[in-house]
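Below are the chains, spelled out letter by letter.
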Amino acid sequence: MKVAVVVFPGSNCDRDVAVALERSSGLRPLMLWHAETDLPAGVGLVVVPGGFSYGDYLRAGAMAARAPIMREILARAGEGLPVLGICNGFQILTEVGLLPGVLMSNATLRFICKDVFVRVESSDSCFTERYTDKQVIGLPIAHHAGNYFIDDDGYQRLLDNEQVAFRYCGSDGTTSPLGNPNGSRDHIAGVFSRDRRILGLMPHPERQADPQLGGSDGKPLFDSVVEALL
Amino acid sequence: MRSRPRDPRLTPRRKAFVKMRRPTQPFSSDKCATQAIAAEHGLTSEEYERLLKVLGRVPNMTELGIISVLWSEHCSYKSSKRWLKSLPNQAPWVLCGPGENAGVIDIGDEQVAIFKMESHNHPSYIEPYQGAATGVGGILRDVLAMGARPVANLNALRFGNPKNPRTRYLLAKVVAGIGDYGNCVGVPTVGGEINFHSTYNENILVNTMTVGVAARDRIFSSKAEGVGNPVVYVGAKTGRDGVHGATMASAEFNAETVDKRPTVQVGDPFTKKRLIEACLELMATDVIVAVQDMGAAGLTSSSFEMASKGGLGIDIDLDQVPQRTTGLTAYELMLSETQERMLIVLQLGQETRARSIFEKWEIDFSVIGHLTESNRMILRQGSQVVADLPIDSLVHATPEYHREWYKSKSDIIFRSEEVPHRPWRDSLRILISCPDIASKRWVYEQYDYMVMGDTIQQPGGNAAVVRVHGTRKGLAMTTDCTPRYCAGDARTGGAQAVAEAWRNLTAVGATPLAITDNLNFGNPEKADVMGQFREAIEGIREACQALNFPVVSGNVSFYNETSGRHIIPTPTIGGVGLMVDTARMATIGFKSSQEAILLIGDPIGGRGGWLGRSLYMREVLGREDGAPPEVNLYNERRNGDFIRGLIQDGLIVTCHDVSDGGLLVTLAEMAMSSGIGLIVSLDSSQAYFQPMHAWLFGEDQGRYVITVAEVLVDSILREAAGRGVPVRRIGTTGGDILRIEGTGDIGISVAELKFLSESWLPVYMAGGAEVAGQRS
């Protein structure tokens, strides 16, 4: 089984996530150009990386959601193909309708690049099984539009189905406005699809999968998918 | 405007036709350029006469526009060239020094680092967001043109007094511009510096630096070769933006300056990102003859420079230039500074292969001309030749000035005993929260400093360190200048900027290899400014020589002057060093308690400290006078080589150089970085520590603080003694308070220091309160 990393014009974390995936799996992922219309045979996981696809013009992720390859990903995700969206990838997955909610501009209206703490809300998924429930991990964020919003009905459904994957928190795991860097509703940093085969998150686990970069708290996410899918 | 049938390939047959009908005399309906018009373009009457002589006729408007930018200070270095020649630019590891788009140094394993720093001062004052953004875009393009993938950006920023009403706005917009551009292109912004001083109230400085990495056998030049080879335009479509940017940067500001907003370029980082990827993809093939970015004076500079370097002519059909709007004149097309464009000379016949790469990235690709034997620049538009200029003759006729200069009187040296002292805790509180020292987190958190996954030292340390992708090697990088010192003595200030860059690279464990210089000064037509420039160059030269730290690229920015008032000299130095094994690296934070704190390097005169031009003087006492601390380059090198050896041998992992604010601020920064406190062992009965405020806050050069385990202290002291390096035990880490032995007070908690350091900038930017400190 192979991993495919989608590359849009303006993607800029494609190489970073490929390096992290290779570190966990020993296999080099396929780099999949946005203009393709088919997924190569044997792809068992699609990663939509961070960056500024189409320069974030119109709205972050809005144009990438209409790229040729997304039609195929949408169809295959419907059949249960696992998809991981990081940062801009998360924005794209919400734009394309694979994940609920939207990502608005940060409450500060500024780009924020910093290390934050997040709490793993569920280890029951192919992306998070190497973590424990309520584990507090340190991951970096780097975004201008990471302020997760969802309406009340949608929010209730997220809770009912336990679709919240990560929440921003303090070092002790408690959530509060102080630990919430961007104003996200209920401190949400990442969400699953209903079947938990799709994950979108704003923090960058690929930037914390190498001790020399300051920590390895992101590595279990890649180890999890490799173990579960490959 | 009539248009001709487009044939982007410019077949050989068509060229023959083109040659045949080339006129030799004035042509085109364009009006002739009189001396009065030349003066509006910044040419002196002498320069206009010179131009007439070279051409043998009166130029038309397009030609005048082209020549005026080529001969502008910004493009020609006519006032500075003479002095720049004296700077050392050789070393065994220097593969390409000044003269190309950026400098190239060997970093082993068939790899090279390519880097340069450039100013975007004038545009950034007029329109700070776009000015700063395109500053980043411009320097990225220079490094890309040499064949490198950009791996890091840095920036050195100087703003006016925080109390100046425009400072907050300028800072916010410049930072947003730099961040939005760098973040989108996906190149980490890893370091830099910010100073505030009233001298920059109406002339802020935005100096941006890019470091790239390339394979040694994939370095590209801008030298055009091969008659008949096609000249290709790639990138954004040309519009009217930035027409006359270079001319603007070659004159003083005045009350009408804001009217020049239309001359500021507009950045498009998304196009730049695609341009970078497409160019690198093309550069991996063997079809490129030469590359040049379109920076200042856009198509004019790039085409002229490429042809001139190759001793060839160039024939350009302006109708083939991709255009954003209709009705662009030849004058506008040649002088536009539209961003995100490159000019490439391809091997004849490789156009289709190259085109397919740019089509994939959805970037305009157009063959706009070809190289000729003629040594003339011929521009055509519609059915007319709109310019016909002799390239070599114009280059040779470029004015070069030996401007008058005089050396300003240096400030007096005063004894630190004469400088009033205040309780040390009050002084430290003021310093740690003063604009120049306070944490710049509010700024760098708007920069993606981690993208590309190789940033192993983040902003806030001595120098940034970025791994060379896929290797154990690292590149350390820093920007440095202490304008306060330059104001006191430009020569000492120039040397100090180089020494501090060298010291910062050393303090992380890297071997300093080379620098790029960005020399920001006032109006060079004034003898005192020219004197400052000459003195600063002298200082830089001395330091480069003594430290074996050559200049490989650079940029001069004159006319940082408004209504007759010029900035204090600000020669910014960007330094790059190599770390062979990134596992052997030092950072500034204390690592554990009960470690010995050692100070390497003695104060000048062997006791006390140097307070002239220090931040203690300015922020605590409100005085900006005295001579700056002397830079002893022999001591600098001896102490630095010793420190680097300790780090590279794996003996120490904690190191910080002593700079702004002196020893106590250095110690405070080491404590804040880790949360671990310390006690300073100070015996005021010893002459060495006298006067105490000078010892604590003096800014004597060539010094470092390191921490080591107790068991290592004796061996390090012995080793140092053997090499003549002064080392002193000055304290011990531990607790969560910074205390000084024998002072009888309780010290200051690390938490309070952190609060003071971290709160100044966010409070200021939120529009809060009167600004503390900064009396200038």
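Residues numbered from 1 in each chain as written. Chains lettered and ligands numbered in written order. Predicted model: local features only at pLDDT ≥ 70, side-chain atom pairs only at ≥ 80, totals over all residues. Heavy atoms only, no water.

**Here we look at the confidence of the model for chain B**
Residues and elements named next belong to chain B.
And step 1. Averaged over all residues, the pLDDT of chain B equals 92, while 93% of them reach at least 70.
And step 2. Of the regions scoring below 50 in pLDDT, residues 1–29 engages in 51 contacts with residues more than four places distant in sequence or in other chains.
And step 3. This stretch, residues 771–776, has a pLDDT under 50; its non-local contacts, to residues over four places away or in other chains, come to 25 contacts.
And step 4. Overall fold confidence for the complex sits at a pTM of 0.94, while the interface term, ipTM, reaches 0.97. (pLDDT = per-residue confidence, 0-100. Contact = heavy atoms within 4.5 Å.)

**Here's the deal with the pairing of strand β21 (residues 570–579) of chain B**
All names here are of chain B.
And step 1. Of all ten residues making up β21, ten are buried, and the element is well covered by its neighbours.
And step 2. Covered by surrounding structure in β21 are Thr570, Thr572, Gly574, Val576 and Leu578 together with Pro571, Ile573, Gly575, Gly577 and Met579, the residues of both alternating faces.
And step 3. When strand β16 (residues 474–480) meets β21, the two strands line up antiparallel, connected through seven bridges. Bridge pairing in β21 links Gly474 to Met579.
And step 4. Bridging between strand β17 (residues 511–520) and β21 involves nine bridges; their strand directions are antiparallel. (Buried < 20%, exposed > 50% of the residue type's maximum accessible area, 1.4 Å probe, protein only. Helix = DSSP H or I, 4+ residues; strand = E, 2+ residues; numbered from the N terminus. Pairing = 2+ DSSP bridges.)

**Focus: the sheet that holds strand β14 (residues 455–457) of chain B**
All names here are of chain B.
And step 1. If you walk across this open sheet you meet the six strands as β14-β15-β16-β21-β17-β18, and the pairing is mixed. Strand pairing shows two members of the sheet lacking a second neighbour, β14 and β18 (551–557), which therefore form its edges. Averaged over neighbouring strand pairs, the angle between their axes works out to 20° when direction is ignored.
And step 2. Of the strands in this sheet, β14, β15 (464–467), β16, β17 and β21 are in contact with helix α19 (residues 490–508), which crosses β16 at around 150°. (Axes fitted to C-alpha atoms, helices over the stretch in contact; angles between N-to-C directions.)

**What to know about the pattern of salt bridges**
And step 1. Considering all chains together, one arrives at 67 salt bridges over all chains under this definition.
And step 2. With a shortest N-O distance of 3.9 Å, Arg130(A) and Asp223(A) are connected by a salt bridge. You can see Arg130(A) sitting in the loop between β6 (112–120) and β7 (136–143) and its partner Asp223(A) sitting in helix α5 (residues 219–229), a full 93 residues away along the chain.
And step 3. Exposure remark for Arg130(A): the relative accessible area of 42% places this residue in the partly exposed category.
And step 4. Of the residues examined, Asp223(A) reaches a relative accessible area of 14% and is grouped as buried.
And step 5. Measuring nitrogen to oxygen at the nearest pair gives 2.8 Å for the salt bridge that ties Arg158(B) to Glu193(B). You can see Arg158(B) sitting in strand β4 (residues 149–159) and its partner Glu193(B) sitting in strand β5 (residues 189–196), a full 35 residues away along the chain. Like Glu193(B), Arg158(B) is buried.
And step 6. Look at the salt bridges and you will find they share partners, linking Arg15(A), Arg23(A), Asp210(A), Asp454(B) and Arg467(B) into a network. (Salt bridge = Lys/Arg side-chain N within 4 Å of Asp/Glu carboxyl O.)

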